[in-house]
Amino acid sequence: AQPDEAFDELRRAADAATRAGARAIAWLAHAELGVLYQRVGLADEAAGELVRGRELLDEVTADLPARHVERYRHAAAHAALVAAVEATGGAATGR
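An account of the accompanying structure is given in this report. (Residues numbered from 1 in each chain as written. Predicted model: local features only at pLDDT ≥ 70, side-chain atom pairs only at ≥ 80, totals over all residues. Heavy atoms only, no water.)

1. Quick look at helix α3 (residues 43-62)
- Taking 1.5 Å per residue, 20 residues should reach 28 Å; α3 reaches 28 Å between its end C-alpha atoms and fits that length.
- Those residues of α3 not exposed but buried are A46, E49, L50, G53, R54, L56, L57, V60 and T61. (Helix = DSSP H or I, 4+ residues; strand = E, 2+ residues; numbered from the N terminus. Expected span 1.5 Å × (residues − 1). Buried < 20%, exposed > 50% of the residue type's maximum accessible area, 1.4 Å probe, protein only.)

Given below as structure tokens:
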């Protein structure tokens, strides 16, 4: 996909997941969108998406039993995105 198409697809995914209350999907879409914005040099947009991704990740991990939080955050599919959202100055702490 071209960059503009990728932005559009990720934005639609983030919006749809948010409307559906699917925070576990929404945080991933916001984080991916933030990383994509970083790659093209759009720092302000990246920061906004990554902060939103971190907020949603906090919500998702708050709902998990404590013993599963670290496993979720460090799963291979999530680890790079968790690092990206944590780099915004806050940490997704879960419990």
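2. Overview of the pattern of salt bridges
- Taken as a whole, this structure holds eight salt bridges when the rule is applied.
- Here R12 and E9 are joined by a salt bridge, their closest N and O atoms 2.5 Å apart. Note that R12 and E9 are positioned in helix α1 (residues 3-20) at a spacing of three residues, about one turn of the helix.
- Judged by its relative accessible area of 47%, R12 is partly exposed. (Salt bridge = Lys/Arg side-chain N within 4 Å of Asp/Glu carboxyl O.)

3. Side note on the packing of α3 against helix α5 (residues 79-86)
- Running from N to C, α3 and α5 cross one another at 115°; their axes reach a closest spacing of 8 Å. In terms of axis orientation, α3 runs roughly perpendicular to α5. In this structure, the crossing between α3 and α5 has a hand that is left-handed. Contacts between α3 and α5 involve L50, G53, R54 and L57 from the first element and V82, A84 and V85 from the second.
- Residue composition of the contact of α3 with α5, by class: five nonpolar, one polar and one charged. (Axes fitted to C-alpha atoms, helices over the stretch in contact; angles between N-to-C directions. Parallel < 35°, antiparallel > 145°, perpendicular 65-115°, else oblique. Left-handed = near helix turned anticlockwise from the far one by under 90°. Contact = heavy atoms within 4.5 Å. Nonpolar A, V, L, I, M, F, W, Y, C, P; charged D, E, K, R; others polar.)

Spatial relationships are all this shows, so hold off on functional conclusions.
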